[in-house]
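Observations on the three-dimensional arrangement
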Amino acid sequence: MPQDPPLAALDDGALARRIAESGAAAPDSAAETELYRRLAPRVRLYGLRHLRDRQAAADLVQQVLLMTLERLRAGGVREPERIASFVLGACRMTVLEMRRGTRRREALMEAWGDRTEAYEAPEPLVLDPDRLAGCLEALSERERSVVAASFFADKQADQVGAELGLKGGNVRVIRHRALARLRECMGGTP
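Residues numbered from 1 in each chain as written. Predicted model: local features only at pLDDT ≥ 70, side-chain atom pairs only at ≥ 80, totals over all residues. Heavy atoms only, no water.

To continue, consider the overall build of the protein chain. Each helix and strand counted, the protein chain has eight helices and zero strands in total. Going residue by residue from the N terminus, the α and β elements of the protein chain occur as α-α-α-α-α-α-α-α. Relative to the 2.2 N^0.38 estimate, which gives 16 Å for 190 residues, the radius of gyration of the protein chain is 27 Å and therefore markedly larger than a compact globule would have. For the protein chain, the spread of C-alpha atoms along the principal axes amounts to about 70 × 60 × 25 Å. Every one of the 190 residues in the protein chain was classed for burial, and the buried ones make up 31%. Of the contacts formed within the protein chain by residues at least 6 apart in sequence, a portion of 57% connects residues at least 24 apart. When the accessible surface of the protein chain is totalled, it reaches about 13400 Å², and 53% of it is carbon and sulfur. Computing the positive centroid from 30 side-chain charges and the negative centroid from 28, the protein chain places the two 4 Å apart. (Helix = DSSP H or I, 4+ residues; strand = E, 2+ residues; numbered from the N terminus. Rg over C-alpha atoms; globule rule 2.2 N^0.38 Å. Buried < 20%, exposed > 50% of the residue type's maximum accessible area, 1.4 Å probe, protein only. Contact = heavy atoms within 4.5 Å. Areas by Shrake-Rupley, 256 points an atom, 1.4 Å probe, with all protein chains shown as cover. Lys, Arg positive; Asp, Glu negative; His and termini not counted. Charge placed at Lys NZ, Arg CZ, Asp CG, Glu CD.)

This is the structure:
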């Protein structure tokens, strides 16, 4: 029985054919990963050149390659050996759609939006550390332990519960009540 060549030895077209042949029922995740690894930098560069925004280029990579893999799995790519051309065309069409959406939103804002009523970010909350320390001291030992483990150690309720011998649901209730007491102590609305 002949063994398949390693994925790195295959060209883009052979990888695309392999993905298309495996189909949606049993996707070849190794081939998909390799094809993604190869094509992502090309799509990112296309996005940076045409969109001039890193985040938009990252979004383009995700949209185009997800659509490409879905089409390959469904057998919707007529010539898998020309996958790079397919991806380039998909990039072009996706960028056009992104630009249309941006223009549409800008036109709607021009027509209907009142720039004076735009959302303004609230002033950053400045906490008095001494007051917060006093409020933390006013909590019971169990409440203080739950708050400290949840926020300072960045642990999930189930992890905190395992450490303290409590169930995850109990930890969530204790944390909720402790935060309400802290908020009230700090002068916020309960």
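All right, on to the packing of helix H7 (residues 157–164) against helix H8 (residues 168–185) then. Between H7 and H8, the least distance of the axes is 8 Å, while the angle of their chain directions is 100°. Relative to H8, the element H7 lies roughly perpendicular. Taken together, the residues of H8 that come into contact with H7 (itself represented by Ala-157, Asp-158, Val-160 and Gly-161) are Gly-168, Val-171, Arg-172 and Arg-175. Per-class residue counts for the contact of H7 with H8 are three nonpolar, two polar and three charged. (Axes fitted to C-alpha atoms, helices over the stretch in contact; angles between N-to-C directions. Parallel < 35°, antiparallel > 145°, perpendicular 65-115°, else oblique. Nonpolar A, V, L, I, M, F, W, Y, C, P; charged D, E, K, R; others polar.)

On to the side chain of Glu-32, then. As for its position among the elements, Glu-32 is in helix H2 (residues 29–51). Apart from the residues lying within four places of it in its own chain, the contact partners of Glu-32 are Ile-19, Pro-27, Leu-69 and Arg-73.

Core analysis: the largest hydrophobic core is formed by 26 residues, its most contacted members being Leu-35, Val-43, Leu-60, Val-64, Leu-72, Ile-83 and Val-87. When residues of this core are traced back to their parent elements, those giving at least two are helix H1 (12–22), H2, helix H3 (54–74) and helix H4 (83–112). For Leu-60, the residues in contact, after removing those within four places along its chain, are Val-43, Tyr-46, Gly-47, Leu-51, Cys-91, Thr-94, Val-95 and Met-98. Core analysis: the second largest hydrophobic core is formed by seven residues, Cys-135, Leu-136, Leu-139 and Ala-178 among them. (Core = buried A, V, L, I, M, F, W, Y, C linked by side-chain atoms within 4.5 Å.)

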